[in-house]
Amino acid sequence: MPRYTPERLREIIAQALPPGTIIPRHTADKHFYFVPATGQTYSSVTALFDTLRERSFEELGKKRAIEYVRSHFHEFTMENIDDHLVTAGLVHRNNFESAGHIGTYIHECRARYFEQWIATGYRPADVLAFIDPTRPDIRATSALLGLQDFCIKEQYIPIVTELPLYSDKLKLGGSLDDFGMIGGDLGETVMLDVKTSNALHDRYWLQVSTYDAMFQERTGIKPKHLMILKLDKENRSYKTEYIKSPGKHKATVRNLLKVRTGMETITTMRKPKVITL
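*Asks:* Before we go on, may I ask you to explain the pattern of salt bridges in this structure?
*Replies:* Pairs may arise between side chains of opposite charge once their charged atoms sit close together. Tallying each qualifying case throughout the model produces 10 salt bridges. One salt bridge connects Arg 110 with Glu 162, and the closest N-O pair in it is separated by 2.9 Å. Of the two residues, Arg 110 sits in helix α3 (residues 81-120) while Glu 162 sits in strand β4 (residues 157-167), which places them 52 residues apart along the sequence. Given a relative accessible area of 0%, Arg 110 falls into the buried group. By relative accessible area, which is 29% here, Glu 162 ends up partly exposed. The partner of Asp 232 in a salt bridge is Lys 230, with the nearest N and O atoms 3.9 Å apart. Judged on exposure class, the residue Asp 232 and its partner Lys 230 are both buried.

Here you go:
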């Protein structure tokens, strides 16, 4: 694609996705996206890949439960053994929910940082100014300092942040973390998926490739690079991982969608029929 300035890329994206193009309609436990122009409601990209996470989540949960039992078995008595077993079963879920909360918080701080940068045209001097003073957190401090380091070293310029997207082809909706340029104004475009988890999972490649397909469908812009940006919550650093061969991963996503449709069909067919006498 032609080499555009950040300002021109923002114009193209704004024209393709004006405010109100897609409206989040989330429930307590699921995310949905409504497209007023067509009346369609699409489930989220995240929900599609939750099925891949469930098995790994279950296996890690078993591992954490065993670790708890090994660490606390000497405390077990006939009177408290049931309480300990319940606690063992909840260890991983509690850790997972805690990680989810801090991950969401870091994402919110990051979005405010980029939003001000985009609005003013200048990188804010202090990334830590975007942490809520009533909610200080050393993990957020570490992650944001890593983000600032990434922006400086890679000469990153944000073009859009938290961009709502949808795809009529994939019948999915979602929110893209970031799209920008690395190497300054004359650099190359990059799509960022920001992660704060302790590990980079294989499914993240599929997730980023899906956002890429949605972004290209809506805007006609093909990012030069797809990148996962991992922000460390302990040592104030960052790690980048480039997505290779995104076309292959998009084919995998299409197959996943077929499997999901097939499973939904089976679920519908297995529902007991109500017989009225």
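*Asks:* Hey, could you run me through the layout of surface pockets in this one?
*Replies:* Left-over empty space is what a probe sized like a water molecule reveals as it rolls over the atoms. Here the second largest pocket is characterised by a volume of approximately 290 Å³. Forming the boundary of the second largest pocket are 16 residues, of which Ile 13, Ala 14, Leu 17, Leu 163 and Pro 164 lie nearest the centre. Listed by contribution, the elements that provide at least two residues to the lining of the second largest pocket are α1 (6-16) and β4. Split by residue class, the lining of the second largest pocket holds 11 nonpolar, 3 polar and 2 charged.

*Asks:* Even after reading the chapter, I still don't get the packing of aromatic side chains, so can you show me in this structure?
*Replies:* The geometry of an aromatic ring pair comes down to the distance between the two centres and the angle between the two planes. Applying the stated rule across the entire model yields 9 aromatic pairs. Ring centres 5.6 Å apart and planes at 55° place the aromatic pair Phe 114 and Tyr 156 in the tilted group. Of the two residues, Phe 114 is situated in helix α3 and Tyr 156 in the loop between α4 (138-153) and β4; the sequence distance between them amounts to 42 residues. Comparing Phe 114 with Tyr 156 shows no difference in burial state: the two are buried. Each residue in the set Tyr 113, Phe 114, Trp 117, Phe 130, Phe 150, Tyr 156 and Tyr 238 is aromatic and connected to the rest through ring pairs, giving one cluster. Between Arg 135 and the ring centre of Tyr 105, over which it is positioned, the NZ or CZ distance is 3.8 Å. Stacked on the ring of Tyr 204, the Lys or Arg Lys 195 has its end atom at 4.2 Å from the ring centre.

Cut-offs used in this document
- Residues numbered from 1 in each chain as written.
- Predicted model: local features only at pLDDT ≥ 70, side-chain atom pairs only at ≥ 80, totals over all residues.
- Heavy atoms only, no water.
- Salt bridge = Lys/Arg side-chain N within 4 Å of Asp/Glu carboxyl O.
- Helix = DSSP H or I, 4+ residues; strand = E, 2+ residues; numbered from the N terminus.
- Buried < 20%, exposed > 50% of the residue type's maximum accessible area, 1.4 Å probe, protein only.
- 1 Å grid on protein atoms, 1.4 Å probe; cavity = no way out; pocket = protein on both sides within 12 Å on 5 of 7 lines; lining within 4 Å.
- Points joined across faces, edges and corners; volume = space filled by probe spheres on them.
- Nonpolar A, V, L, I, M, F, W, Y, C, P; charged D, E, K, R; others polar.
- Phe/Tyr/Trp six-rings, centres within 6.5 Å; stacked < 30°, edge-to-face > 60°.
- Lys NZ or Arg CZ within 6 Å of the ring centre and 35° of its normal.

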